[in-house]
Amino acid sequence: MAERNHHRIEYSILLASRNEGTRLRRTVDSIFRSSAQEEFEVIIVDDASEDGSAGFLQGPEYEARPIRLFRNRRRRGVIYSRALAADLGRGRCLVFLDAHCSVTEGWVENLAAELDKISGRGIVVPHIHGLEPSDWSIHFKLPPATGCTIINPFLDFNWTEPTEIDGRSCTCTIGGGAWMCRREWYRHLGGLDRGMLAWGGENLDIALRTWLAGGWCLVAGKVSIGHYFKTNFDNSLIGFEVTHNKIRAAHHVFSKGTFDRVMQSLRHLPGFQPALRRIHRDREALGRLKGHVESIRERNDGWIIDAFKLPILEPAYFHSPYRKRVPTGASRAAARPHPLVTVVIPMAERAAAADELLSSIFDKSTYRCFEVLILTSAKATGLPSRRLGQRFQKDPRLRLVSTTASWTRALSEDRLKVNRQSEYLALASDRTAIADENWIEKFILLAEKHPRMLLAGPRFEVTGDAGASAGPFKHLFDLVWDWSAPSFFRQRLEKPLAGFPYQALSCPPAFLFMHRRHFLESGGFDPTLPWGSGQVFDLAIRGWLLGYETFCHPQIRVRCRDEAMPAEQGGSDRSSSTLKDYAQLAPAWKYFTNAARLGHCRNLSPNAGPLLEKHGAFMRRCRRRVLQRAKFDDDWLFFKFHIQDPFHAS
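Here we summarise the structure given alongside this text. As the structure is a computational prediction, the values presented were derived from the model and not from experiment. (Residues numbered from 1 in each chain as written. Predicted model: local features only at pLDDT ≥ 70, side-chain atom pairs only at ≥ 80, totals over all residues. Heavy atoms only, no water.)

### Overview of the environment of Ser-406
Operational definition: Numbering of helices and strands runs from the N terminus, with a helix taken as a DSSP run of H or I at least four residues long and a strand as a DSSP run of E at least two residues long. Any pair of nitrogen or oxygen atoms within 3.5 Å is treated as a polar contact; in protein, a donor-acceptor pairing is required on top of that, and neighbouring residues in sequence qualify only through side-chain atoms on both sides.
Assignment of secondary structure puts Ser-406 in the loop between strand S16 (398-402) and helix H13 (407-412). Within the local environment of Ser-406, its side chain forms a polar contact with the side chain of Thr-408, the two groups lying 2.8 Å apart.

In structure tokens:
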């Protein structure tokens, strides 16, 4: 393979390869086919491959090409191999590229042009598209991966939209599959950390060091490349090595206060203690690199956290299950982490309708510590839908529970915990689907900020049965008291004054988030009422009088089919005048102390007598318990929510 005058080399394209098979040759061919006549070299470090994937370089067609091949005697990992290739590179710009990519015309020149805009002070990444392995074609029709960011306190990263800073399209961290920087900047940062093991974390480390040093991580809008995303990734590298690398990266870039907070989360990761011992043995080298990073620091880590809204300081249990030590001799069942949130889906006979709901529950959150209970009235022998079974049957977070009693009664009496308890409950109709990301985290943050929260509801977008909007979207928020409505309350349709969580009288029943302990302390759902708005309204009013709070969260959108939002859902006789009158009288009879207001409610509910007599003992017990514990009365409630009485209460 030909040598070139190193003074003429503009780009060093660096590939680390291990057992890539034909993908390595396709990547190399793509580089020479798509790169212009600029002077460049390709450096390949073969990480002790066992499949002979680099053997094609011995062919005569590659002899005259500017390719240099180096082999590790033993497996050293991607990070070490890339660092070795960077040390061997002689170009003005270093281009780090995975050995399973397809590049496009003019890619290196356009990446270099973006670097020139920041005077070489930083890193530039392209748009990343998927590759079709059969013909190595790029999937341009699908949206590309662009920016990257840290998504949880464990320093995991994921793709996201770029962040605009000072008019530049920026990314917090990088994916690592393709990026360019000038050789001088690479050396200024101190290079890749050779103390890292195998794979994972180097992309976060080098990007955050760039930001700390006053540089930029930019997304080149005019550059697109294809990347083959492996489906059979070598999971043997996930665990101890990645945890080790995350600790080193956090030590490099974070101040002591931030590092201590991050370590409280990282200690939950697998292999934390062995990783810490390994790092301690290499503390001198780690200290030297930390000292270098501090010597070039121009920004603090707080600037990065604020600029990219990183969740690294959030409590770890938002994202991962509690990990408790199991006493010697304890059963394996006792070792299971209990979920923080239980999502309850009553199925009845329409189980297959929950496909979209379940998909949105699992896909719309980075949070992991939750379980889903599918409630059925008959004995469950398997998932009630073939599609559900194919995707979720092996997911340990999904359980089927059958109950002979009413599910609302079983929930209120705490009979659905099945040896595990959760701090929060989410009740979801099988005719809903979650539209916004990180919905669980948003609800939990709301509950953490308001320790007396009992209920919280999202913003509902009512759609047609097929998912299309039934005319314009109707935004449903909360339930307000209205004496002219069938049950004394109606759904508020107008938009709220702000997009932030606000106190509400009650919430529609299609999707609820509840504090489980407060729910049980307040007495749960009234079993004499049919499931629907009336039962939730009764619980919310009781909660307000007992000193709890109910919220609506407009930042969480839930799409809801028309059938999930009737005024009353439940028994077959829900349309009877007796049941309607009883449902609207029950909250007033149990909670009102204003005699004139209570008398007016009785006059508006003339047919409630039979059910009121049937459930009289229960109603009297409930009224006695609530009034003995109540912190407020109905006069306070009407004043707080500006409820207009249709009469002058004395």
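Next comes the rest of the description.
### What to know about the pattern of salt bridges
The criterion, for reference: Should a side-chain nitrogen of Lys or Arg be within 4 Å of a carboxyl oxygen of Asp or Glu, the pair is scored as a salt bridge. Burial classes follow relative accessibility: with a 1.4 Å probe on protein chains only, a residue under 20% of its type's maximum area counts as buried, one over 50% as exposed, and anything between as partly exposed.
Inspection of every chain in the model, using the stated rule, returns 34 salt bridges. As a salt-bridge pair, Glu-10 and Arg-92 come within 2.7 Å of each other at their nearest N and O atoms. Highlighted residues: Glu-10 in the segment before strand S1 (11-17) and Arg-92 in the loop between helix H2 (78-88) and strand S4 (93-98), separated in sequence by 82 residues. Overall, the relative accessible area of 31% leaves Arg-92 in the partly exposed class. Note that Arg-516 and Asp-414 form a salt bridge whose closest N and O atoms lie 2.6 Å from each other. Here Arg-516, found in helix H15 (residues 516-521), pairs with Asp-414, found in the loop between H13 and strand S17 (424-428); they are 102 residues apart in sequence, far enough to count as distant. One salt-bridge network, in which partners are shared between bridges, spans Asp-436, Glu-461, Arg-557 and Arg-559.

### Brief notes about the nonpolar core
Note the threshold: In these notes, a set of buried Ala, Val, Leu, Ile, Met, Phe, Trp, Tyr and Cys residues joined through side-chain atoms within 4.5 Å is what counts as a nonpolar core. Note on definitions: a residue-residue contact is assigned when non-hydrogen atoms from the two residues lie within 4.5 Å.
If you look at the biggest cluster of nonpolar residues, it comprises 94 residues, and the most contacted ones within it are Ile-13, Leu-15 and Leu-97. No other element matches the seven residues that strand S13 (residues 216-227) contributes to this core. In this view, Leu-15 contacts Leu-24, Thr-27, Val-28, Ile-31, Val-42, Ile-43, Ile-44, Val-45, Leu-97, Asp-98 and Ala-99; residues no more than four positions away in its chain are not counted. Of all hydrophobic cores here, the second largest spans 59 residues; its members include Leu-416, Leu-455, Tyr-582 and Ala-608.

### Looking at helix H11 (residues 355-363)
For H11, a buried count of seven out of nine residues is recorded, marking the element as mostly surrounded by other parts of the structure. Among the residues making up H11, those that are buried are Asp-355, Leu-357, Leu-358, Ser-359, Ser-360, Ile-361 and Phe-362.

### Some words on the packing of helix H5 (residues 202-212) against helix H10 (residues 301-308)
Rules: Here an angle of 0 to 180 degrees is reported between the N-to-C directions of two axes, which are lines fitted to C-alpha atoms, with helices fitted over the stretch in contact. Roughly parallel refers to an angle under 35 degrees, roughly antiparallel to one over 145, roughly perpendicular to one between 65 and 115, and oblique to any angle outside these ranges. Think of it as three bins: nonpolar holds Ala, Val, Leu, Ile, Met, Phe, Trp, Tyr, Cys and Pro, charged holds Asp, Glu, Lys and Arg, and polar takes everything else, Gly as well.
At a minimum axis distance of 9 Å, the contact between H5 and H10 shows a crossing angle of 105°. As the angle between them shows, H5 and H10 are arranged roughly perpendicular. Residues Leu-208, Trp-211 and Leu-212 of H5 pack against Asp-301, Trp-303, Ile-304 and Phe-308 of H10. Grouping the constituent residues of the contact of H5 with H10 by class yields six nonpolar, no polar and one charged.

### What to know about the packing of helix H6 (residues 240-253) against helix H9 (residues 283-295)
At a closest axis distance of 8 Å, the pairing of H6 and H9 adopts a crossing angle of 40°. In terms of axis orientation, H6 runs oblique to H9. Side by side, H6 and H9 meet where Arg-248, His-251, His-252 and Val-253 of the first sit next to Leu-286, Leu-289, Lys-290 and Val-293 of the second.

### Structural notes on the packing of aromatic side chains
Aromatic ring pairs are reported here in terms of the distance separating the ring centres and the angle at which the planes meet. The test is simple: Two aromatic rings, drawn from Phe, Tyr or Trp (for Trp, its six-membered ring), form a pair once their centres lie within 6.5 Å of each other, and the interplanar angle then sorts them: stacked below 30 degrees, edge-to-face above 60, tilted otherwise. Whether a charge sits over a ring depends on NZ of Lys or CZ of Arg being within 6 Å of the ring centre and within 35 degrees of the ring normal.
Under the counting rule described, the total for this entry stands at 27 aromatic pairs. The interplanar angle of 80° and the centroid separation of 5.6 Å between the aromatic rings of Trp-439 and Phe-511 together place this pair among those described as edge-to-face. Of this pair, Trp-439 sits in helix H14 (residues 439-449) while Phe-511 is found in strand S24 (residues 511-515), placing the two residues 72 residues apart along the sequence. Judged by its relative accessible area of 0%, Trp-439 is buried. What makes Phe-511 buried here is its relative accessible area of 1%. Measuring from ring centre to ring centre gives 5.2 Å for Phe-525 and Trp-531, while their planes differ by 75°; the resulting arrangement is edge-to-face. For Trp-531, a relative accessible area of 15% translates into the label buried. One aromatic cluster is present, built from ring pairs that chain together Trp-481, Trp-483, Phe-488, Phe-489, Phe-537, Phe-592 and Phe-638. Sitting over the ring of Phe-592, Arg-597 keeps its end group 5.9 Å from the ring centre. We note Lys-640 situated over the ring of Phe-641; from NZ or CZ to the ring centre the distance is 5.6 Å.

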